[in-house]
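# Geometric and topological summary
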Amino acid sequence: MADRVFLVVSSGDRDVVLWPALTYALNAKKRGWMEDVKVIIFGPAERLAAHDSEIQARLKNVQEAGVEVLACKACSDDWNLTGLIEQAGIRVEYVGPIISRLLKDGWASLAF
């Protein structure tokens, strides 16, 4: 059974990002439900991460709990959001190879 999970958060619905996605990520790490947790902000969710201060604050809380957070460089570059996302303290990388590696390494995945 997997004890490592990564969340692909792509929804443009801020309630989905704030509640099920980031709340699960935070609790999974803080409460020890999973040993290792990563959050990948992808697609429409990147617009929220770039412009929504409440989501930025929640992402910071998640990071402070020890969850690695990153965003997709291909999407952020396409939408001219890379600088804003980086200013929010989120690492921006090409996530296709990262997601593939995590899956090959046996990580569980969740999509929101």
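For the structure, check the block above.
So, here is what we can say about the structure in this document. (Residues numbered from 1 in each chain as written. Predicted model: local features only at pLDDT ≥ 70, side-chain atom pairs only at ≥ 80, totals over all residues. Heavy atoms only, no water.)

### Re the packing of helix α1 (residues 14-30) against helix α3 (residues 53-64)
Cut-off, in case you're wondering: Throughout, an axis means a line fitted to C-alpha atoms (over the contacting stretch in the case of helices), and angles, computed between N-to-C directions, take values from 0 to 180 degrees. Numbered from the N terminus, helices here are DSSP runs of H or I no shorter than four residues, and strands are runs of E no shorter than two. Small angles under 35 degrees read as roughly parallel and large ones over 145 as roughly antiparallel, with 65 to 115 read as roughly perpendicular and the rest as oblique. Working rule for contacts: check all heavy atoms of both residues, and any pair within 4.5 Å makes them a contact. Amino acids are sorted into nonpolar (Ala, Val, Leu, Ile, Met, Phe, Trp, Tyr, Cys and Pro), charged (Asp, Glu, Lys and Arg) and polar (every other residue, Gly among them).
Their axes nearest at 10 Å, the elements α1 and α3 cross at an angle of 10 degrees. Regarding the angle of α1 to α3, the classification is roughly parallel. Contacts between α1 and α3 involve R14, V17, L18, W19, L22, T23, A25 and L26 from the first element and E54, I55, R58, L59, N61 and V62 from the second. Among the residues making up the contact of α1 with α3, the classes are represented as nine nonpolar, two polar and three charged.

### So, the pairing of strand β2 (residues 36-41)
So the rule is basically this: Categorising residues by exposure relies on relative accessible area from a 1.4 Å probe, with only protein chains included: less than 20% of the type maximum marks a residue as buried, more than 50% marks it as exposed, and the intermediate range marks it as partly exposed. One requirement defines pairing of two strands: DSSP has to find at least two bridges between them. Assignment of crossover handedness uses the view with strands pointing away from the viewer, where a clockwise path from the first strand over the helix to the second indicates a right-handed crossover.
Where burial is concerned, most of β2 is hidden: five out of the six residues are buried. As defined by bridge partners, strand β1 (residues 4-9) adjoins β2 across six bridges and the pair is classed as parallel. For F6, the partnering residue across the bridge sits in β2 and is K38. Read from β1 through α1 to β2, the crossover connection turns out right-handed.

### Considering the nonpolar core
One broad trend across soluble globular proteins is that nonpolar side chains are buried collectively. Quick reminder of the rule: The set of buried Ala, Val, Leu, Ile, Met, Phe, Trp, Tyr and Cys residues whose side-chain atoms join them within 4.5 Å is what this entry labels a nonpolar core.
Grouped together as the largest cluster of nonpolar side chains are 28 residues, with contacts concentrated most on V9, V37, V39, I41, L59, V62 and V69. Listed by contribution, the elements that provide at least two residues to this core are β1, α1, β2, α2 (44-51), α3 and β3 (68-72). Ranked by residue count, the leading element in this core is α1, at seven residues. Excluding its chain neighbours within four sequence positions, the residues that come into contact with V9 are V17, A21, V39, I40, I41, F42, A45 and F112.

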